[in-house]
Amino acid sequence: MTSAVAASRQILTRLHEVMASRERAQVKLNTVVEVVGESLHSEVCSIYLLREGELELFATRGLAQEAVHVTRLGIGEGLVGTIAGNVDTLNLAEATAHPDFSYRPETGEEKFHSFAGVPIVRRERAVGVLCVQHVEPRRYEEVEIEALQTVAMVLSELIANAALVDEDEAALGPAQTGPVTLKGQPLVKGLASGVAVYHQPRVTIEHTVAEDIEAERARVYLAFDKMREQIDRMAAQAEFGVGGEHEEVLATYKMFAYDEGWSRRINEAISSGLTAEAAIERVQQRTRMRMRQIDDPLLADRMHDLEDLSNRLLRIVSGQLGTAAAKGLRQDAILIARNLGPAELLEYDKRRLKGVVLEEGSLTAHVVIVARAMGIPVLGRVRGLRGALREGDPLLLDANQGAVTLRPAPATLEAFEARFARSRERQAQYAALREVEPTTACGKRITLLINAGLREDLPHLAQTAADGIGLFRTEFQFLVSATLPSRERQTRLYRDVLDAAGDKPVVFRTVDIGGDKVLPYLRHDEGDHEENPAMGWRALRVGLEREGLMKVQARALLEAAAGRTLNVMFPMVSEPWEFDQARALFEGQLAWLKGQKKLLPARVRYGTMLEVPALAEMLDVLLPRLQFLSIGTNDLTQFLFAADRAHPKLAERYDWLSPAILRFLRRVIAAGAEHGVDVTVCGEMGGRALEALALLGLGLTRLSITPAAVGPVKAMIRQVRLEELQAAMAGWLAQPPADLRGQLTAWAAERGFAFD
Ligand code: PEP
Ligand code: MG
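What you see is a predicted model; the values in this text were computed from it and never measured.

Draft legend 1. Quick look at the packing of helix α1 (residues 3-20) against helix α4 (residues 142-161). Where α1 contacts α4, the two axes come as close as 8 Å, and the packing angle between them is 25°. In this view, α1 runs roughly parallel relative to α4, as classed from their interaxial angle. The two elements α1 and α4 meet at a crossing, and its hand is right-handed. Taking contact as the criterion, the partners of Ser 3, Ala 4, Ala 7, Ser 8, Ile 11, Leu 12, Leu 15 and Met 19 in α1 are, on α4, Val 143, Glu 146, Ala 147, Thr 150, Val 151, Val 154, Glu 157 and Leu 158.

Draft legend 2. Geometry of the side chain of Gln 133. Along the polypeptide, Gln 133 turns up in strand β6 (residues 125-134). When its relative accessible area of 4% is taken as the criterion, Gln 133 is described as buried. In contact with Gln 133, not counting residues within four places along its chain, are Ser 42, Glu 43, Val 44, Leu 63, Glu 109, Phe 112, Ser 114, Phe 115 and Tyr 140.

Draft legend 3. A look at the domain arrangement of the protein. Annotation of the protein at the domain level lists domain 1 (4-176), domain 2 (180-201 + 324-408), domain 3 (213-318) and domain 4 (437-750). On a C-alpha basis, the centres of domain 1 and domain 2 stand 37 Å from each other.

Draft legend 4. Expanded view of the coordination of the magnesium ion (ligand 2). Looking at the magnesium ion (ligand 2), the protein donor atoms are Glu 611 (OE) and Asp 635 (OD), and they sit 2.0 Å from it. In this pair, Glu 611 is assigned in the loop between β19 (603-610) and α23 (613-616) and Asp 635 in helix α25 (residues 633-640), connecting sequence segments 24 residues apart. For Glu 611, a relative accessible area of 2% corresponds to the buried category. Since its relative accessible area comes to 2%, Asp 635 is described here as buried.

Draft legend 5. A look at the site of ligand 1. Taken together, 15 residues sit near ligand 1, with Arg 473, Arg 509, Gly 632, Asn 634 and Arg 645 positioned nearest. The separation between an oxygen atom of ligand 1 and a polar side-chain atom of Glu 611 is 3.1 Å. Residue Asp 635 places a side-chain N or O atom 3.0 Å away from an oxygen atom belonging to ligand 1. Protein chains bury 100% of the 290 Å² of accessible surface belonging to ligand 1 in isolation. Counting only elements with at least two residues in the shell around ligand 1, the list comes to β16 (469-473) and α25. Ranked by residues supplied to the shell around ligand 1, first place goes to α25 with three residues. Across the shell around ligand 1, the residue classes tally to three nonpolar, four polar and eight charged.

Draft legend 6. Quick look at the sheet that holds β6. Strand order in this open sheet of six strands is β3-β2-β1-β6-β5-β4, and the pairing throughout is antiparallel. Two strands close off the open sheet at either side, each with one partner strand: β3 (72-74) and β4 (90-92). Along the sheet, successive strands turn relative to each other by an average axial angle of 25°, direction set aside. Where strand β1 (residues 44-51) meets strand β2 (residues 54-61), seven bridges bridge the pair, whose relative direction is antiparallel. Bridging across to β2, Leu 49 finds its partner in Glu 56. Packing of helix α3 (residues 78-86) onto the sheet brings it into contact with β1, β2, β3, β4, β5 (114-122) and β6, and relative to β5 it is tilted by some 35°.

Draft legend 7. Representation of the sheet that holds strand β13 (residues 394-398). The eight strands are arranged β7-β14-β13-β9-β10-β11-β12-β8 in an open sheet whose pairing can be described as mixed. Lying at the two open borders of the sheet, with one neighbouring strand each, are β7 (180-183) and β8 (185-188). Averaged over all adjacent pairs, the angle separating strand axes in this sheet is 30°, with direction ignored. Where β7 and strand β14 (residues 403-406) come together, four bridges link them in antiparallel fashion.

Draft legend 8. Focus on empty space enclosed by the protein. Throughout the structure, instances matching the rule amount to three cavities of 30 Å³ or more. Approximately 120 Å³ is the volume found for the largest cavity. In this structure, the largest cavity is lined by 13 residues; those nearest its centre are Leu 79, Val 80, Ser 102, Glu 109 and Phe 115. Here the element with the most residues in the lining of the largest cavity is α3; it accounts for three residues. In the lining of the largest cavity, the residues fall into seven nonpolar, four polar and two charged.

Draft legend 9. View of the nonpolar core. Counting residues in hydrophobic clusters, the biggest one holds 121 residues, and the most contacted among them are Phe 570, Phe 586, Leu 610 and Leu 693. Three or more residues apiece are contributed to this core by two domains, here domain 2 (180-201 + 324-408) and domain 4 (437-750). Residues in contact with Phe 586, not counting those within four places in the same chain, are Thr 510, Met 550, Ala 554, Leu 557, Leu 558, Val 568, Phe 570 and Tyr 606. With 88 residues, the next largest nonpolar core counts Val 44, Val 80, Val 203 and Ile 266 among its residues.

Draft legend 10. Region of the structure containing the pattern of salt bridges. The full count for this structure, using the stated rule, is 36 salt bridges. Linking Asp 398 and Arg 419 is a salt bridge whose minimum nitrogen-to-oxygen distance equals 2.8 Å. With Asp 398 in strand β13 and Arg 419 in helix α16 (residues 410-432), this residue pair connects regions lying 21 residues apart in the sequence. By relative accessible area, Asp 398 is classed as buried at 8%. Using a relative accessible area of 26% as the deciding quantity, one classes Arg 419 as partly exposed. Here Glu 559 and Arg 555 are joined by a salt bridge, their closest N and O atoms 2.9 Å apart. In this pair, Glu 559 and Arg 555 are both assigned in helix α21 (residues 547-560), four residues apart and thus about one turn of the helix distant. Taken individually, Glu 559 and Arg 555 each receive the classification buried, so the pair is uniform in this respect.

Draft legend 11. Quick look at the pairing of strand β11 (residues 353-358). Counting buried residues along β11, five of its six residues qualify, which places the element largely inside the surrounding structure. Summarising the sheet, strand β10 (residues 333-337) and β11 pair through five bridges and their orientation is parallel. Paired with Ala 333 across the two strands is Leu 353, which belongs to β11. The sheet contact formed by β11 and strand β12 (residues 378-380) spans two bridges and is parallel. The partner of Val 357 across the bridge, within β12, is Leu 379.

Draft legend 12. Here's a closer look at helix α28 (residues 710-717). When you tally the buried positions in α28, you get eight out of eight residues, the bulk of the element. Turning to α28, its buried residues number three or more, namely Val 710, Gly 711, Pro 712, Val 713, Lys 714, Ala 715, Met 716 and Ile 717. Next to the buried residues of α28 lie α16, β15 (447-452), α17 (459-464), α27 (689-697) and β22 (702-705).

Draft legend 13. How the structure looks around the environment of Trp 537. Summarising the element assignment, Trp 537 is placed in the loop between β17 (506-509) and α20 (540-545). For Trp 537 and Pro 736, which are 199 residues apart along the polypeptide, the C-alpha to C-alpha distance reads 36 Å. The contact partners of Trp 537, leaving out residues within four places of it in the chain, are Ile 513, Gly 514, Gly 515, Glu 530, Val 542 and Glu 545. Side chain to side chain, Trp 537 and Glu 545 meet in a polar contact 3.1 Å long.

Draft legend 14. Quick look at helix α2 (residues 25-39). Under the 1.5 Å per step criterion, the end-to-end length of α2 is 21 Å for 15 residues, consistent within 8% with the ideal 21 Å. Taken residue by residue, α2 has Ala 25, Gln 26, Lys 28, Leu 29, Val 32, Val 33, Val 35, Val 36, Gly 37 and Ser 39 as its buried positions. Those residues of α2 hidden inside the fold are in contact with α1, β1, β2, β6 and α4. Within two residues after α2, His 41 carries a phi angle of roughly 50°, on the positive side.

What counts, and where the lines are drawn
Residues numbered from 1 in each chain as written. Chains lettered and ligands numbered in written order. Predicted model: local features only at pLDDT ≥ 70, side-chain atom pairs only at ≥ 80, totals over all residues. Heavy atoms only, no water. Axes fitted to C-alpha atoms, helices over the stretch in contact; angles between N-to-C directions. Helix = DSSP H or I, 4+ residues; strand = E, 2+ residues; numbered from the N terminus. Parallel < 35°, antiparallel > 145°, perpendicular 65-115°, else oblique. Left-handed = near helix turned anticlockwise from the far one by under 90°. Contact = heavy atoms within 4.5 Å. Buried < 20%, exposed > 50% of the residue type's maximum accessible area, 1.4 Å probe, protein only. Domains from an automatic or database assignment. Donors = N, O, S within 2.8 Å, 3.2 Å for Na, K, Ca; no water. Near = heavy atom within 4 Å. Polar contact = N/O pair within 3.5 Å; in protein donor to acceptor, adjacent residues only side chain to side chain. Areas by Shrake-Rupley, 256 points an atom, 1.4 Å probe, with all protein chains shown as cover. Nonpolar A, V, L, I, M, F, W, Y, C, P; charged D, E, K, R; others polar. Pairing = 2+ DSSP bridges. 1 Å grid on protein atoms, 1.4 Å probe; cavity = no way out; pocket = protein on both sides within 12 Å on 5 of 7 lines; lining within 4 Å. Points joined across faces, edges and corners; volume = space filled by probe spheres on them. Core = buried A, V, L, I, M, F, W, Y, C linked by side-chain atoms within 4.5 Å. Salt bridge = Lys/Arg side-chain N within 4 Å of Asp/Glu carboxyl O. Expected span 1.5 Å × (residues − 1).

In structure tokens, the structure reads:
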């Protein structure tokens, strides 16, 4: 046993009796200061607890007893207040030399020079301070500090059980009590208010002192085994990749999960007399304090991983499993997570889930596309959230401006409510537009379709009265499944989609996997590591190689569309032969079904996405073979500008309304018109009213957009006069202004168009 473990064990053995006794809490605290003082040969040992916002001296050995329940220090005041405010240890050879030292004559502490104190923490907040003092000036040894920290853990249990402090007023710095606004990247726009709910709830530790050390050791061993199993399974199963969590995170998880040092430290903490839960938390607290002194963002990220894992281990060992979804949301909530998978998001009660705040996340993450379809605002890449936030804090999420306000001041709340009301009014106006057609002010009927990908999206078709589904992302079913969906399951989904659509057309896009849509159950070959997955082995490239996969999907689609029209679209076609080959594969399946005397689709129409710029040069060759073309501006623009669509620094750098993109799109739209082939835009660009206006200005008449955008885009369409718009656009594209977005915005404003 190391000396630290032995010292703590000795104290905890004595404290075990104290904790188990039937004495009043005050008597127990009096005993604790005696035990600690004696064990550490310290002349003074004191406990301060948080009462009505101040730290009150509750028990002391060595200081004047008259000061008990009399001496009080504010948070941040004196050494004790500083420890609570910073939730951090102080260890000083000469207390008076510290800038925060505040002398309290009633305590008679003037003769003591050295001072060490640790925070008593409950739910990551300080609820008190345990400190020791000595006459002779000396720094306390690491062993002693560790023993104090272990005792502080036990004290937090004693304090909670005796309800000695009001946990709601736990010692919080202003950054944790007052209003704080944190910035992030808007991933799904919208406003929301609700209380903060952690997707992975935090565990509250009930017992800290072990009854039976060997039993605690066995519990933690078992929990480690389970956790390692989980991590290994994550690597092999869908839940992980779905969340967009990177291989890097998984690798770090694995590294920590199997880290001998970590499990050894937890074991040592158990040896010192703590329960498994308290030991895990104790080690985590120590790591947190150490890491706080190192200012390195990379290390901070890794720390984050360890926090995640430590919480996971705690949840396993305490049996407090399940996400917040399993517990159910009791009021309007804003979900806080590091990252989420689309399936995890879908588990929440949609009536109560008002918004999502992610520490990671990107515009193209699948969870974001699903949230967008569900109309749930999402703010991503928010830093410093956990330090500033407590579960249950009221939040205002403004994913239009890219901010979340914690514990808003009344005035902020009022202003937000007013904006919220205006936005709701506008939503109601949009909903009322359901009854009217998307026809321009000059009488041109625009085709407005929606994008979908899950069964949950289907009601949107009726709600929006859209003209059909212009993009059904079939890969979503693959992404939310733990294993490759069987042909039967695929057929069932496609049939349900067609049933829901009735007479309206549905365009099924064959699986677009690879790139950022990784299916862990569909392994790459060894050596297939990709530097640049967006331009890598993805979409139709995978489909044509893994013929089996594509054939199964073709069969499922053809069978689901029996007796009806099937519209099939291929993603990421880069050269015409790829389209030919994909079409031939479908035709082969069709012929086979015919041979089986199965009922065939009444008609199969083939189209491609235009996402790869090179394809635009081949439209004269390709268009005569197609029934329709759909421009995927998400991928297309990233390739045109050579700017990763998920890169936060590049998100704002190049504008969808830049002349280069608009000229490019105009060329494709014109080529489609020349060949009599329908051209639709199905990227996110079309779902923004101003961008959609620009597309109409280029001669586009078909948009496939996220359902929530149907109202705003339809409202815009109904105000537009195409001739006037197209003339203005032609002028801007002939002689591009420095700020085309500004010009178009001004043009729209002059005509009284209102945009969100
Ligand atoms: C696109 O690239 O614009 C598109 C619609 O496809 P996805 O966003 O699914 O890549
Ligand atoms: Mg794409």
